[in-house]
Amino acid sequence: MAYRTASANCLEILTGIPPTDLLMEEKFRRSLKNENFVEIHDDILNEWCDRWRNNPGDSWCKQLIPDPESWLRRNYGYPYFWLTQLFTGHGIFGSYLFRFKKTDSNNCKLCITERDTPEHIFFSCSRFINKKRMLDLELDTTLTPKNFQTAILKNPTNWNLIQKYVKDILTTKSPLYQNQPLPNPPPPPSAEDIPDGNSGVSREVNS
């Protein structure tokens, strides 16, 4: 679940569903039955990852996911509603809502002085500094955009800790933006709830 304004490239990587043309190519090559399915899988995955790296947009999401192959080959965790806001930057952020004239300022409504971006609110906002320190202790590292992918993919426990941290912050912020009420999604799955990986290509190969 994500805001409809999020880019297709970003959502494809997040959900592990390849672009339509690559899915069609994979299906066609499989139908010929003259190639190893694993080789087809690897070719499609490599092409997809190259597109992600070379795509000029989605700079913030690329900071968080610099290694798309590792992300797509993971075997746990799904980027639920709260995490997609962090990755896409489309959600309860002044920097996003101000673009659509849904708020009168792009400054953070909690610390006032800084621009309200995902990087600010999750990694440096003074309002959540104690919560961030507790998360860093639990992760045994200081979480930054640069090491985010390494930290969240380390193990299912880290995934769940970060997911909870993101959800707690966004649900705290939501009352400040009464003109942008949150949907009411069901409880997010834990990392262990999705044991077979989330890459559409990987699922196809393993089936």
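Preceding this section is the structure that the text describes.
Here we summarise the structure given alongside this text.

Conventions and cut-offs
Residues numbered from 1 in each chain as written. Predicted model: local features only at pLDDT ≥ 70, side-chain atom pairs only at ≥ 80, totals over all residues. Heavy atoms only, no water. Helix = DSSP H or I, 4+ residues; strand = E, 2+ residues; numbered from the N terminus. Buried < 20%, exposed > 50% of the residue type's maximum accessible area, 1.4 Å probe, protein only. Lys, Arg positive; Asp, Glu negative; His and termini not counted. Salt bridge = Lys/Arg side-chain N within 4 Å of Asp/Glu carboxyl O. Contact = heavy atoms within 4.5 Å. Phe/Tyr/Trp six-rings, centres within 6.5 Å; stacked < 30°, edge-to-face > 60°. Lys NZ or Arg CZ within 6 Å of the ring centre and 35° of its normal. Axes fitted to C-alpha atoms, helices over the stretch in contact; angles between N-to-C directions. Parallel < 35°, antiparallel > 145°, perpendicular 65-115°, else oblique. Nonpolar A, V, L, I, M, F, W, Y, C, P; charged D, E, K, R; others polar.

## Examining the side chain of E12
Phase 1: Note that E12 resides in helix 1 (residues 8-15).
Phase 2: Although E12 is buried, it forms no salt bridge, and the closest oppositely charged side chain is R51 at an N-O distance of 6.6 Å.
Phase 3: Residues within four places of E12 in sequence aside, it is in contact with I17, P19 and W48.

## A look at the environment of K27
Phase 1: Structurally, the position occupied by K27 is in helix 2 (residues 20-32).
Phase 2: With 13 residues separating them along the chain, K27 and I40 place their C-alpha atoms 9.5 Å apart.

## Quick notes on the pattern of salt bridges
Where side chains of opposite charge bring their charged atoms close, a pairing between them can arise.
Phase 1: Counted by the stated rule, this structure contains 13 salt bridges.
Phase 2: The salt bridge partner of R53 is D50, with a shortest N-O separation of 3.4 Å. Of the two residues, R53 and D50 both sit in helix 3 (residues 37-54), three residues apart, roughly one turn of that helix.
Phase 3: The exposure class of R53 is partly exposed, given its relative accessible area of 42%.
Phase 4: Because the salt bridges share partners, they merge into one network encompassing E25, R29, E35 and D43.

## Details of the packing of aromatic side chains
Within a pair of aromatic rings, the relevant descriptors are the distance that separates the centres and the angle that separates the planes.
Phase 1: Applying the stated rule across the entire model yields nine aromatic pairs.
Phase 2: By the ring-pair criterion, three or more aromatic residues cluster together here, those being W60, W71, F87, F123, F148 and W159.
Phase 3: When the ring centre of F37 is taken as origin, the NZ or CZ atom of R30, which lies over that ring, is 4.1 Å away.

## With respect to the packing of helix 9 (residues 129-139) against helix 11 (residues 156-173)
If you want to describe how two helices pack, look at the angle between their axes and the distance between the axes.
Phase 1: In the contact formed by helix 9 and helix 11, the axes pass within 10 Å of each other and the chain directions differ by 175 degrees. In terms of their interaxial angle, helix 9 and helix 11 are classed as roughly antiparallel. Together, K131, K132, L135, E138 and L139 of helix 9 and N158, L161, I162, Y165, D168 and I169 of helix 11 make up the contact between the two elements.
Phase 2: Here the residues of the contact of helix 9 with helix 11 are counted per class, giving six nonpolar, one polar and four charged.

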